[in-house]
Amino acid sequence: MKAMVYTRYGSPDVLELKEVPKPVPKAGEVLVRVHATALNAADWRLLTGTPRLLRLMFGLFRPKHPVLGADVAGRVEAVGKDVKGFGPGDEVFGDLSGSGLGGLAEYVCVKEQALAPKPPRLAFEEAAAVPMAAVTALQGLRDAGGIRPGQKVLINGASGGVGTFAVQIAKALGARVTAVCSSQKVDLARSLGADHVVDYAKEDFTKSGGSYDLILDVAAYRPFSEYRPALAPEGVYVLVGGHFSRILQVMLRGPWASRRGGQRFRALMAKPDPADLAFVSGLLEAGKVMPVIERRYPLLEAAEALRHLGQGHARGKLVVTVRQEPVPSSPSA
Ligand SMILES: NC(=O)c1ccc[n+]([C@@H]2O[C@H](COP(=O)([O-])OP(=O)(O)OC[C@H]3O[C@@H](n4cnc5c(N)ncnc54)[C@H](OP(=O)(O)O)[C@@H]3O)[C@@H](O)[C@H]2O)c1
């Protein structure tokens, strides 16, 4: 089978399209014929091996997992012993970050638990765009943020992969949403249902006295103390992504800063969770949430997709199409 492989950390230029053995599912595993894979910031970090601390877990000298791609959608080709929930032909999607990645390939073996049935109304490329970004947004808003209907919620970094889901999920959960993004993406944030949009080039929301019950920060590039004036007295700040130094700062000092007053500061480490993916599937099926896809790339151009992702200004998700759906032939007269 064809796979986009990398054997050393570096720029997208280290990726090579190679012929590799098709995997065989072990007990508890499902062999998925991959139709589409969506990229996440995690793929960029694993490609470049940065921050270097990450190499302790993912390969000190060379990458432990030679094929990137955590979010996949495809069709079950075969199942290993003891697989109960899926059979050949089933359409599935899931986040493989807990089971070795491998989505940038024609086939991947996945633990059964990482998969869920693909929502029927979504195409494979749309479904692939969902798992990691949407579940992260859900866990940030609901679990770390304790979101409640009627609350004032601000999403900083609202126009990327996680942010576009966060705006829609917060609205679906009954919040009044302020989205923060760049000038070019103000229309996108409005189209997702944001009640108010802040263009960060024109306005600093931390200086406008917003008094938000919850700030979900997908783009943390400054000390978390600067968010205090924008938070309600008992407001919660949840850091999801941004600069590594800011993440460390909230992890180390957030608990201490939270004890000093009513405001709380947390860093989220999202985890793939089939129940959360099922919850998101419900929102997708109900038409309350839809993935935003900026661009689709063929597998051969996965490096190009990663290069764009690495610039940090994607408009929603970037998807790699691994297998084009065959167009059904029209019945002959
Ligand atoms: N904690 C977890 O478990 C977890 C899980 C998934 C992802 N993450 C992290 O979350 C972050 C975002 O992931 P993603 O997939 O959404 O990335 P993404 O698709 O690349 O989006 C990043 C977004 O950040 C916005 N941005 C950049 N600079 C900004 C600024 N100064 N102010 C406001 N927005 C700014 C960009 O929007 P503009 O173009 O409009 O500037 C872009 O849309 C990454 O750091 C990732 O590692 C964490």
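Residues numbered from 1 in each chain as written. Predicted model: local features only at pLDDT ≥ 70, side-chain atom pairs only at ≥ 80, totals over all residues. Heavy atoms only, no water.

Draft legend 1. Focus on the sheet that holds strand E11 (residues 212-217). Sheet architecture is open: 6 strands sit in the order E10-E9-E8-E11-E12-E13, paired in parallel fashion. In this open sheet, the two strands that pair with only one neighbour each are strand E10 (196-199) and strand E13 (264-267). Strand after strand, the sheet turns through a mean of 15° between neighbouring axes, direction not considered. Judged from the 4 bridges that link them, strand E12 (residues 231-239) and E13 form a sheet pairing that is parallel. Counted as the bridge partner of Val 236 is Arg 264 from E13. Sitting on the sheet, helix H5 (residues 161-172) touches strand E8 (152-156), strand E9 (176-181) and E11, and the angle it makes with E9 is about 165°. (Pairing = 2+ DSSP bridges. Helix = DSSP H or I, 4+ residues; strand = E, 2+ residues; numbered from the N terminus. Axes fitted to C-alpha atoms, helices over the stretch in contact; angles between N-to-C directions. Contact = heavy atoms within 4.5 Å.)

Draft legend 2. Geometry of the nonpolar core. Val 130, Leu 141 and Ile 155 are the most contacted members of the largest nonpolar core, which totals 53 residues. Per-element tally for this core: the top contributor is helix H4 (residues 131-144), with 7 residues. Val 130 has contacts with Phe 93, Leu 122, Val 135, Phe 165, Leu 277, Val 280, Leu 284 and Pro 291, leaving out every residue within four places of it along the chain. Core analysis: the next-biggest nonpolar cluster, separate from the first, contains 46 residues, Leu 31, Leu 47, Cys 109 and Met 132 among them. (Core = buried A, V, L, I, M, F, W, Y, C linked by side-chain atoms within 4.5 Å. Buried < 20%, exposed > 50% of the residue type's maximum accessible area, 1.4 Å probe, protein only.)

Draft legend 3. The arrangement of the site of the ligand in detail. Not every one of the 26 residues close to the ligand is listed here, only the nearest: Ser 182, Lys 185, Tyr 200, Leu 268 and Ala 270. In this structure, Gly 242 approaches the ligand through a main-chain N or O atom, which is 3.1 Å from an oxygen atom. Ala 270 places a polar main-chain atom, nitrogen or oxygen, 2.8 Å from an oxygen atom of the ligand. When contributions to the shell around the ligand are tallied by element, the ones reaching two or more residues are helix H1 (41-48) and H5. Within the shell around the ligand, the residues separate by chemical class into 12 nonpolar, 12 polar and 2 charged. The residue makeup of the shell around the ligand includes at least three contributed by each of domain 1 (2-130 + 291-321) and domain 2 (132-267). (Near = heavy atom within 4 Å. Polar contact = N/O pair within 3.5 Å; in protein donor to acceptor, adjacent residues only side chain to side chain. Nonpolar A, V, L, I, M, F, W, Y, C, P; charged D, E, K, R; others polar. Domains from an automatic or database assignment.)

Draft legend 4. A look at H4. Relative to the 20 Å expected for 14 residues at 1.5 Å per residue, H4 spans 18 Å between its end C-alpha atoms, a close match to the ideal helical length. Along H4, the positions that sit buried rather than exposed are Pro 131, Met 132, Ala 133, Ala 134, Val 135, Thr 136, Ala 137, Leu 138, Gln 139, Gly 140, Leu 141 and Ala 144. Immediately beyond the C-terminal end of H4, within one or two residues, lies Gly 146, with a positive phi of roughly 60°. (Expected span 1.5 Å × (residues − 1).)

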